[in-house]
Amino acid sequence: MAWIVVAYGQAVLFDAGQVGGHHPLWLGLALFAAVGLVLGLIGTLRVSPAGPLFMALSYLGATGLLIARPETARQLLPDLVQVGGTLVVPLSPVSTGVLGLIGAMMVIAVASPQRWRSWPRPAAEPSWPEMLAPPADPYENTLADRDSFSGFADLRTPADASGVDTPSWSAPTKV
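The structure contained in this document is the topic of the report that follows. (Residues numbered from 1 in each chain as written. Predicted model: local features only at pLDDT ≥ 70, side-chain atom pairs only at ≥ 80, totals over all residues. Heavy atoms only, no water.)

## As for the overall build of the protein
Phase 1: The number of helices and strands found in the protein is 9 helices and 2 strands.
Phase 2: Walking the protein from its N terminus toward its C terminus, one meets helices and strands in the order α-α-α-α-β-β-α-α-α-α-α.
Phase 3: Counting across all 175 residues of the protein, residues that qualify as buried make up 23%.
Phase 4: In the protein, the share of contacts with a sequence separation of at least 24, taken over all contacts with a separation of at least 6, comes to 56%. (Helix = DSSP H or I, 4+ residues; strand = E, 2+ residues; numbered from the N terminus. Buried < 20%, exposed > 50% of the residue type's maximum accessible area, 1.4 Å probe, protein only. Contact = heavy atoms within 4.5 Å.)

In structure tokens:
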């Protein structure tokens, strides 16, 4: 699919550069950008390297076939295909080297060490009883180093924290 979209994008760019061409230049550039984004996404997925590797080898194989046996490559691919009223040459991405470039980039993405690293495992979250349990030392757990809410323990006054039942101050009295 990417091969045909690249070939169509090249045909659109060629048409846009001609006097009296009926395709805008931005359409060809947008097609190239879309192919680049999709192939970049496929190349960087960490699911399986089989798909990108297969596509990379087929693109590089087509380019290598054109270099080694140009007549055979020209016979295997159709001369012209009409896509949306535009004549597309399927051999053009191969002959211009665009397909070889894409294939080489996908091989590099497959061979990247980042692809083969395992996903980081999330830290184990505490269970509800552990989260609701009061801390062993009430002065150890401050708001600055707390990750989750554990009640209103920090709203106590210093007198409450000291264990004294009555505050050191007296309530105002009515005169």
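## Comments concerning the packing of helix α1 (residues 2-17) against helix α2 (residues 25-44)
Phase 1: Two elements in contact, α1 and α2, have axes separated by 7 Å at closest approach and are oriented at 160°. Overall, the two elements α1 and α2 adopt an arrangement that is roughly antiparallel. Crossing of α1 against α2: the hand is left-handed. When α1 is examined against α2, the residues A2, V5, V6, Y8, G9, Q10, V12, L13 and A16 are found in contact with a partner set consisting of L25, L27, G28, L29, L31, F32, V35 and L39.
Phase 2: Residues of the contact of α1 with α2, tallied by class, amount to 14 nonpolar, 3 polar and no charged. (Axes fitted to C-alpha atoms, helices over the stretch in contact; angles between N-to-C directions. Parallel < 35°, antiparallel > 145°, perpendicular 65-115°, else oblique. Left-handed = near helix turned anticlockwise from the far one by under 90°. Nonpolar A, V, L, I, M, F, W, Y, C, P; charged D, E, K, R; others polar.)

## Regarding the pattern of salt bridges
Phase 1: Taken as a whole and assessed by the stated rule, the structure comprises 1 salt bridge.
Phase 2: With a shortest N-O distance of 3.6 Å, R74 and E71 are connected by a salt bridge. In this pair, R74 and E71 are both assigned in helix α4 (residues 70-76), 3 residues apart and thus about one turn of the helix distant.
Phase 3: The exposure class assigned to E71 is exposed, which follows from its relative accessible area of 53%. (Salt bridge = Lys/Arg side-chain N within 4 Å of Asp/Glu carboxyl O.)

## Re the environment of L77
Phase 1: Position of L77 relative to the elements: it lies in the loop between α4 and β1 (81-83).
Phase 2: Placed 13 residues apart in sequence, L77 and P90 show a C-alpha to C-alpha distance of 6.6 Å.
Phase 3: Other than its neighbours up to four places away in sequence, L77 contacts W3, P90, L91 and V94.

## As for the environment of V107
Phase 1: You can see V107 is positioned in helix α6 (residues 98-111).
Phase 2: With a relative accessible area of 27%, V107 lands in the partly exposed category.
Phase 3: In this structure, the C-alpha to C-alpha distance between V107 and F54, residues 53 residues apart in sequence, is 9.3 Å.
Phase 4: What V107 contacts, discounting residues up to four positions off in sequence, is A56 and L60.

## Thoughts on the packing of helix α3 (residues 50-68) against α6
Phase 1: α6 packs onto α3 with a crossing angle of 145° between their chain directions and a minimal axis gap of 8 Å. The element α3 and its partner α6 pack so that their crossing is left-handed. Across from P52, L53, M55, A56, Y59, L60 and T63 in α3, the residues of α6 making contact are L99, G100, I102, G103, A104, M106, V107 and V110.
Phase 2: Class assignment of the residues belonging to the contact of α3 with α6 gives a composition of 12 nonpolar, 3 polar and no charged.

## Some thoughts on α6
Phase 1: Taking 1.5 Å per residue as the helical rise, α6 with its 14 residues ought to reach 20 Å, and the 20 Å between its terminal C-alpha atoms agrees with that figure.
Phase 2: For α6, the complete set of buried residues consists of L99, G100, I102, G103, M106, A109 and V110. (Expected span 1.5 Å × (residues − 1).)

## Remarks on the nonpolar core
Phase 1: Membership of the largest hydrophobic core comes to 15 residues, with the highest contact counts inside it found for W3, L39, Y59, V94, I102 and M106.
Phase 2: Where this core is concerned, the elements lending two or more residues are α1, α2, α3 and α6.
Phase 3: At 4 residues, the largest contribution of residues to this core is made by α3.
Phase 4: The contacts of M106, once residues within four sequence positions are left out, are L39, I42, P52, M55, A56 and Y59. (Core = buried A, V, L, I, M, F, W, Y, C linked by side-chain atoms within 4.5 Å.)

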